[in-house]
Amino acid sequence: MNTFDYFILVADFSIAAAIAISFTRAYRGGRLSSYYYKLFWIGCLIGSTWEFTFLFLGHEFLHSVKEWPFGLDGWPRKLSHSIWDGGIFMVGVYFCLKYLKAPHFHRFSRNELGIMLSWGIFQELLVEYLFNGRVWVYEPLSWNPVIIPSLPGSATEVGYTLIPQAVWVVAPIIFYLFSLHFEKKIIRFQQNFPYSLNYY
């Protein structure tokens, strides 16, 4: 472990903690509705499904360039990355709110889904470009073949494999369906209890 490795370690957990604390404080301070607060944690839960699956698959599938000390390379790292994933999903939500007209997430919208998918795929390619080969390595396997060759300036000599890219094609769709499901539940609640306060 050199200085760069320790910087990545500290930044990984510090930013994850900052993301979770920021969403919680915004919700408790009334600056974030319960709908979006729940969506954030749903995003974290969705992210944990592949983060911990990758951990279960072991080093033959994914391994660190350098093992993190103090037992932080296992499930604590995956927990941190799950929170990162929740934050990444919410950036997609922010783009929808910023660039599309209201109402948002009331019914299926190709524009909303397109933004979520485009953001998910773009950030995954960027993350892999920056960190694959520097912080972690996905091993090419028969069921995880290389689909993108190594790009100029990247640290990996192998290239970019299928599974990490496929995750961020499927995951935004699942997250978007959850966003619609919760929105419909809120609408039904408000129709049945029109005088309820602060639910949304």
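That block above? That's the structure.
Fair warning: this is a prediction, and the values are worked out from it, not measured in the lab.

Visitor: So what about the overall build of the protein chain? Which residues, and what values?
Guide: On a plain count of helices and strands, the protein chain comes out with five helices and four strands. Written out in order from the N terminus, the α and β elements of the protein chain read α-α-β-α-α-β-β-β-α. Across its three principal axes, the protein chain shows a C-alpha extent of roughly 60 × 35 × 30 Å. The contacts of the protein chain with a sequence gap of at least 6 include a subset with a gap of at least 24, amounting to 64%. Counting every atom, the protein chain has about 11,400 Å² of accessible surface; 67% of that belongs to carbon and sulfur. Charge-centre separation for the protein chain: the mean point of 15 positive side chains lies 18 Å from the mean point of 13 negative side chains.

Visitor: Give me a nonpolar patch on the surface: which residues, what numbers.
Guide: The grouping of I121, L125, V169, V170, I174 and F178 at the surface amounts to a nonpolar patch, some 430 Å² of accessible area in total. Among the secondary structure elements, those contributing two or more residues to the nonpolar patch are α4 (110-131) and α5 (162-192). If you trace the backbone, I121 turns up in helix α4.

Visitor: Explain helix α2 (residues 34-57) residue by residue, including any values.
Guide: Each α-helix winds once per 3.6 residues, and so residues spaced three or four apart point in a common direction. Taking 1.5 Å of rise per residue, the 24 residues of α2 would be expected to cover 34 Å, and the 35 Å separating its terminal C-alpha atoms lies within 8% of that figure. At S48, α2 shows its maximal bend, which comes to roughly 25 degrees. Just downstream of α2, G58 is the residue with a positive phi angle, here 85 degrees.

Visitor: How would you sum up the packing of aromatic side chains? Please name residues and give values.
Guide: Overall, the coordinates contain 21 aromatic pairs when judged by the stated rule. Ring plane angle 75 degrees and centroid distance 5.3 Å describe the contact between W50 and W168, whose orientation is recorded as edge-to-face. Of this pair, W50 sits in helix α2 while W168 is found in helix α5, placing the two residues 118 residues apart along the sequence. Overall, the relative accessible area of 4% leaves W168 in the buried class.

Visitor: Quick rundown of the pattern of salt bridges? Include the residues and the values.
Guide: The final tally for this structure, using the stated rule, is three salt bridges. Of the charged contacts, one joins K66 and D5 as a salt bridge, the two residues approaching to 3.0 Å between their closest N and O atoms. Here K66, found in the loop between β1 (62-64) and α3 (75-99), pairs with D5, found in helix α1 (residues 3-28); they are 61 residues apart in sequence, far enough to count as distant. Assessed through its relative accessible area of 34%, K66 is described here as partly exposed. Across the pair K78 and E51 runs a salt bridge, and its minimum N-O distance is 3.9 Å.

Quick notes on the rules
- Residues numbered from 1 in each chain as written.
- Predicted model: local features only at pLDDT ≥ 70, side-chain atom pairs only at ≥ 80, totals over all residues.
- Heavy atoms only, no water.
- Helix = DSSP H or I, 4+ residues; strand = E, 2+ residues; numbered from the N terminus.
- Contact = heavy atoms within 4.5 Å.
- Areas by Shrake-Rupley, 256 points an atom, 1.4 Å probe, with all protein chains shown as cover.
- Lys, Arg positive; Asp, Glu negative; His and termini not counted.
- Charge placed at Lys NZ, Arg CZ, Asp CG, Glu CD.
- Patch = residues over 30% accessible without salt bridge, like charges linked within 9 Å, V, L, I, M, F, W, Y side chains within 5 Å.
- Salt bridge = Lys/Arg side-chain N within 4 Å of Asp/Glu carboxyl O.
- Expected span 1.5 Å × (residues − 1).
- Bend = angle between axes of the 7 residues up to and from the residue.
- Phe/Tyr/Trp six-rings, centres within 6.5 Å; stacked < 30°, edge-to-face > 60°.
- Buried < 20%, exposed > 50% of the residue type's maximum accessible area, 1.4 Å probe, protein only.

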